[in-house]
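Descriptive structure summary
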Amino acid sequence: IDGGLALASEIPLLAERLSAAGWQTVGLHHPIWVVPRHGFARGFDVFRPHADIAAAEAHLQEELARLDDARPTFLFVHLFDVHVGPVVEGQHSIYPSPAPFQEFFRPGATAELPLYPGQLDPHDPVQREALAALYDGGIRHVDHELERWFGWLEQQGFLANSLVIVTADHGENLMERARNAGHGQFWNEGIQVPLVVRFPDGSGAG
């Protein structure tokens, strides 16, 4: 990826169009790639970085409390928790997540893997299973947190007239093809992503 590239300024973004139409626009983002430098802040009244999903939740509650109830709102929340962690000497960095989610699907999975992604062996079936289990644990962690978020948002009345979309930017290769873990190739596991749409009236549910 070329870190010097950015979104073309002549192409309008959703936040820009909604802002021009009178909407309040709030963006909460993890400061990796989805940053002002690359053009993602355009159109947002608030574009606020967070370190993880816990910080994002705190920022979410703060920003929602500041909204003008008389105006419609566009809210964008970017999460980065289901991801390889930062490489820190001597610390496990392969899909880390907090307890009890880290080894929710495979007790002992952390010890079955090396510390860093670059040391993975794509031909080792034990490592492949452990890798998938840690990745699934990270997804379960974020699912658990989003369940709480949506419960609170519904209780506070924010979902009564809201369109909710949950999606992702890419899938993940978990060494299924005896290839290194990660993404960037055009296999199904990399290009198929979740897309959940919830309409205010519940139509099309399920």
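Our subject is the structure listed above.
In this report, we go over the structure that sits alongside the text. What you see is a predicted model, and the numbers here were worked out from it, not measured in a lab. Residues take numbers from 1 onward in each chain, read along the sequence in its written order. Thresholds applied to this predicted model are a pLDDT of at least 70 for local features of residues and 80 or more for the giving and counting of side-chain atom pairs; totals over whole chains, interfaces and linings are not thresholded and use all residues. Derived side-chain values reflect all non-hydrogen atoms in the structure, with water molecules and hydrogen atoms excluded from consideration.

Turning next to the layout of surface pockets. Put simply, the second largest pocket is a space of about 310 Å³. As for the second largest pocket, its lining consists of 14 residues, and the residues nearest its centre are Ala51, Asp52, Phe80, Asp81 and Pro86. Split by residue class, the lining of the second largest pocket holds seven nonpolar, five polar and two charged. Here a cavity denotes a set of grid points, spaced 1 Å apart and computed over the protein atoms alone, in which a 1.4 Å probe fits but from which it cannot get out, and a pocket denotes an open set meeting protein on both sides within 12 Å along at least five of seven lines; residues with an atom within 4 Å of a point are reported as lining. Grid points are joined across faces, edges and corners, and a volume is the space filled by probe spheres set on the points. Classification used: nonpolar for Ala, Val, Leu, Ile, Met, Phe, Trp, Tyr, Cys and Pro, charged for Asp, Glu, Lys and Arg, polar for all others including Gly.

Let us look at the environment of leucine 174. Note on conventions: DSSP H or I runs of at least 4 residues are helices, E runs of at least 2 residues are strands, and numbering of each starts at the N terminus. Within the fold, leucine 174 resides in the loop between strand 4 (164–167) and helix 4 (188–191). For every residue, the accessible area (1.4 Å probe, protein chains only) is compared with the maximum for its type, and the residue is labelled buried under 20%, exposed over 50%, or partly exposed between those bounds. Residue leucine 174 is classed as buried on the basis of its relative accessible area, which comes to 11%. Along the sequence, leucine 174 and proline 122 sit 52 residues apart, while their C-alpha atoms lie 8.6 Å from each other. When checking whether two residues touch, look at their non-hydrogen atoms; a contact exists if any pair is within 4.5 Å. Residue contacts for leucine 174: discarding those within four places in its chain leaves Tyr95, Arg128, Leu131, Ala132 and Tyr135.

In this section: the nonpolar core. What we call a nonpolar core is a set of buried Ala, Val, Leu, Ile, Met, Phe, Trp, Tyr and Cys residues that are connected through their side-chain atoms within 4.5 Å. Counting 13 residues, the largest nonpolar core has Leu60, Leu64 and Trp149 as the members making the most contacts within it. Contributing elements (two or more residues each) for this core: strand 1 (24–29), helix 2 (53–65) and helix 3 (125–155). Counting residues in hydrophobic clusters, the runner-up holds 11 residues, among them Ile94, Ala130, Leu131 and Tyr135.

Time to look at the sheet that holds strand 2 (residues 46–49). Across a sheet, strands are paired by hydrogen bonds formed along the backbone, either parallel or antiparallel in direction. Think of it this way: DSSP has to see at least two bridges between two strands before they count as a pair. The strand order across the open sheet built from three strands is 2-1-3, with neighbouring strands paired in parallel fashion. Strand pairing shows two members of the sheet lacking a second neighbour, strand 2 and strand 3 (73–77), which therefore form its edges. When the angles between neighbouring strand axes are averaged without regard to direction, this sheet yields 10°. Looking at chain direction, strand 1 and strand 3 are connected through five bridges and run parallel. Across the sheet, residue glycine 27 finds its bridge partner in strand 3, namely phenylalanine 76. Here, axes are lines fitted to C-alpha atoms. For helices the fit covers the stretch in contact, and angles between N-to-C directions go from 0 to 180 degrees.

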